[in-house]
Amino acid sequence: MNAPTQPAIETLPASVYRDPALWPQERTRIFAASWQFVTHDSALAQAGDWVAEAVAGYPVVVVRGEDGAIRAFHNVCRHRAGPLTQGDSGHCEGVLTCRYHGWTYTLDGRLRAARDFGPSPDFDPRAFGLYPVRVELWRGLVFVALDSAIAPLAEWLAPLERRLGSADWSGLHIAGKRQHLIACNWKTYVENYLEGYHVPLIHPTLDAEIDSARYSVTMEGRIALHEAPLRKPDAVYEGLWAWLWPNIGVNIYGRGLMMERMSPIGPSQTGGPGQTRLDYIYLMPEGETVSEETMAMSDVVVAEDLWVVERVQQNLDADVYTTGRLSSRHEGGVAAFQAFYREAMGGLAG
Ligand code: FES
Ligand SMILES: [Fe+2]
C-alpha cells in the first residue's frame, strides 16, 4: 500500500528573516508573550542578590527579597528611566539604588527615598514603585514573563517535566558561561537548532557520538523534544535536548545541563536582519565543574552551527531564494516553529 502523500510544507518566505520592520511585533507578540529564561536560583542565594538581563530589549532585574521571595522588575527607574544596576549580577544591601540620581527602592519594589528631591507637596512616593514583572521558577530555573496574563510556567513546561520524570536537578550551580554573537536573524538560528537533519554534514564529532539517522524531534505543546540514541556509553551528551518556544534550549548532559538562550539583538539600531546572541549557562552539581571534554565539544558544535547559519543568512539576504520545502521526516520541529510564528504574528508574515 502506498503511504498517503501530503504536499511538502512550504517554508516562511526569505523576507521574514531580513525585514527589520517585523522586529517591533516580534518583540511584543512573541518575546513579551512567552516565558523567558533568566538565570538559576543559585545565583540568587542571599537576600539582596540580583541578576540583570535584557529580554528582547526589555531590561529586567531579578532580586531575592528580605523575605526570601524572588521578584522581578523592569530595570527602569520611575524618576527618569535610569538603570537600577550596573553589570550582569551583584548584591545590594536592602535596597536597589538607581545609578543615575540615587533614588532607592526596597527589594519588593517600593520607592523608599527620592534622594535630595526638595519640597514637592504633590509628589507621592507610593505611586512610584518599580514596574513588576512576573517571575516563576521551575526546577531551580528562573523565568520571567513580561505579559503577566500568560499561563503558568509549570503548564508551559509540563511536557518536559513528564519526560524528565524523577531526574534530580536539585543542588545545581552555575559552573560556567559562554557567549557567542552570531550575524544572523534569531529565527535562522532557532530553526537550525530545531532539526537534526544537518548533523551528519555539519557536526562530524557529534555524529560520532549520536546515531543521527535515528534523531527524532517530537512536538508537545510549545516544546520540541529532541532524542537520539548514543553510539557510545561515555558520550558527552545524554541524547536528550529540548527547545521551548520561542528561543530557549535545554541541553542535557550526563552530569548536568546547559541552558541556551537565543536572544535577538534587534535590528532597530543597525538595520538589516539583526544579530543573535547565544548565552550558554552550564549547570552542574555543587562542587563539580564542567569537564574539558564537554566544553570542547560544545565549542566545536557551536562553531560549526555558527559557520552554517551565517552563510544561510547571507543567502537569505541575497534575495535569490524565496521559499523552500520542509522534510516531513526531519523538519517537523521547524514546521511547528514556523506555524507558531505565523500564528503569533497574526498573518503578518508570509
Ligand atoms: S533616573 Fe533614577 S534617580 Fe533619576
Ligand atoms: Fe547544529
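Residues numbered from 1 in each chain as written. Chains lettered and ligands numbered in written order. Predicted model: local features only at pLDDT ≥ 70, side-chain atom pairs only at ≥ 80, totals over all residues.

Trainee: Any details on the nonpolar core? Residues and values, ideally.
Mentor: Residues Val 61, Val 62 and Val 144 are the most contacted members of the largest nonpolar core, which totals 79 residues. For this core, the element with the most residues is strand β18 (residues 275–285), which contributes six residues. Looking at which domains feed residues into this core, each of domain 1 (9–33 + 167–350) and domain 2 (35–149) gives three or more. Excluding residues that lie within four positions of it along the chain, Val 62 makes contacts with Val 38, Thr 39, Leu 44, Trp 50, Val 51, Ile 70, Ala 72, Val 135, Val 142 and Val 144. Listed in part, the five residues of the second largest apolar core include Val 199, Ile 210, Tyr 215 and Ala 228. (Core = buried A, V, L, I, M, F, W, Y, C linked by C-beta atoms within 7 Å. Buried ≥ 20, exposed ≤ 12 C-beta atoms within 10 Å, placed from the backbone. Helix = DSSP H or I, 4+ residues; strand = E, 2+ residues; numbered from the N terminus. Domains from an automatic or database assignment. Contact = placed C-beta atoms within 7 Å.)

Trainee: For the pairing of strand β4 (residues 58–64), give the residues involved together with the corresponding values.
Mentor: Among the seven residues that make up β4, five are buried, leaving the element largely enclosed by the rest of the structure. Where strand β3 (residues 49–55) and β4 come together, six bridges link them in antiparallel fashion. Looking at β4, one finds that Ala 52 is bridged to Val 61. Linking β3 back to β4 in an antiparallel pair, the connection comprises two residues, with Ala 56 at a positive phi of about 50 degrees. Taken together, the five bridges between β4 and strand β5 (residues 70–74) define a ladder with antiparallel strand orientation. (Pairing = 2+ DSSP bridges.)

Trainee: Tell me about the environment of Arg 112, and name the residues and values.
Mentor: Turning to its location among the elements, Arg 112 is positioned in strand β9 (residues 111–113). Between the alpha carbons of Arg 112 and Leu 96 there is a distance of 9.6 Å; along the sequence they are 16 residues apart. When near neighbours in sequence (up to four residues on either side) are disregarded, Arg 112 contacts Val 95, Thr 104, Tyr 105 and Thr 106.

Trainee: Could you give me a rundown of the sheet that holds β9, with the residues and numbers involved?
Mentor: Strands belonging to one sheet form pairs held by backbone hydrogen bonds; the direction of such a pair is parallel or antiparallel. The three strands lie next to each other as β7-β8-β9, forming an open sheet whose pairing is antiparallel. In this open sheet, the two strands that pair with only one neighbour each are β7 (95–97) and β9. Adjacent strand axes in the sheet meet at a mean angle of 40 degrees when their direction is disregarded. Here β7 runs beside strand β8 (residues 104–106); their pairing, made up of three bridges, is antiparallel. (Axes fitted to C-alpha atoms, helices over the stretch in contact; angles between N-to-C directions.)

Trainee: Can you lay out the domain arrangement of the protein for me, pointing to particular residues and giving the numbers?
Mentor: On domain assignment, one finds that the protein holds domain 1 (9–33 + 167–350) and domain 2 (35–149). Relative placement of domain 1 and domain 2: their C-alpha centres are 30 Å apart. Of all the secondary-structure elements, those providing two or more residues to the side of domain 1 that touches domain 2 are α1 (23–31), β12 (172–182), β17 (257–265) and β18. By residue class, the composition of the side of domain 1 that touches domain 2 is 11 nonpolar, two polar and two charged. (Nonpolar A, V, L, I, M, F, W, Y, C, P; charged D, E, K, R; others polar.)

Trainee: Residues and numbers for the sheet that holds strand β14 (residues 223–227), please.
Mentor: Taken in spatial order, the seven strands of this open sheet run β12-β18-β17-β16-β15-β14-β13, and their pairing is antiparallel. The open sheet terminates on both sides in strands that have one partner only, identified here as β12 and β13 (216–220). Taken pair by pair, the neighbouring strands of this sheet meet at an average axis angle of 20 degrees, ignoring direction. Here β17 runs beside β18; their pairing, made up of nine bridges, is antiparallel. Residue Met 259 lies in a different strand from β18, and its bridge partner there is Ile 281. Contacts between helix α7 (residues 292–317) and the sheet are confined to β12, β16 (248–253), β17 and β18, with β12 contributing the most and set at about 25 degrees to the helix.

Trainee: Describe the packing of helix α4 (residues 186–193) against α7, with residues and values.
Mentor: The interhelical angle for the contact between α4 and α7, taken along N-to-C directions, is 130 degrees, at an axis separation of 10 Å. By the criterion of interaxial angle, the relationship of α4 to α7 is oblique. In terms of crossing hand, the pair formed by α4 and α7 is right-handed. In this structure, α4 uses Thr 188, Tyr 189 and Asn 192 to contact α7, whose residues at the interface are Asp 305, Val 308, Val 309, Val 312, Gln 313 and Leu 316. (Parallel < 35°, antiparallel > 145°, perpendicular 65-115°, else oblique. Left-handed = near helix turned anticlockwise from the far one by under 90°.)

Trainee: Explain the environment of Thr 218 to me, and be specific about the residues and the numbers.
Mentor: Tracing the backbone through its elements, the reader meets Thr 218 in strand β13. Of the residues examined, Thr 218 has 14 C-beta atoms within 10 Å and is grouped as partly exposed. Sequence-wise, Thr 218 and Gly 176 are 42 residues apart; in three dimensions their C-alpha atoms are separated by 29 Å.

Trainee: How would you sum up unusual backbone geometry? Please name residues and give values.
Mentor: Cis geometry is found at the peptide bond from Trp 245 to Pro 246, where omega equals -5 degrees. Its location among the elements puts Pro 246 in the loop between β15 (237–244) and β16.

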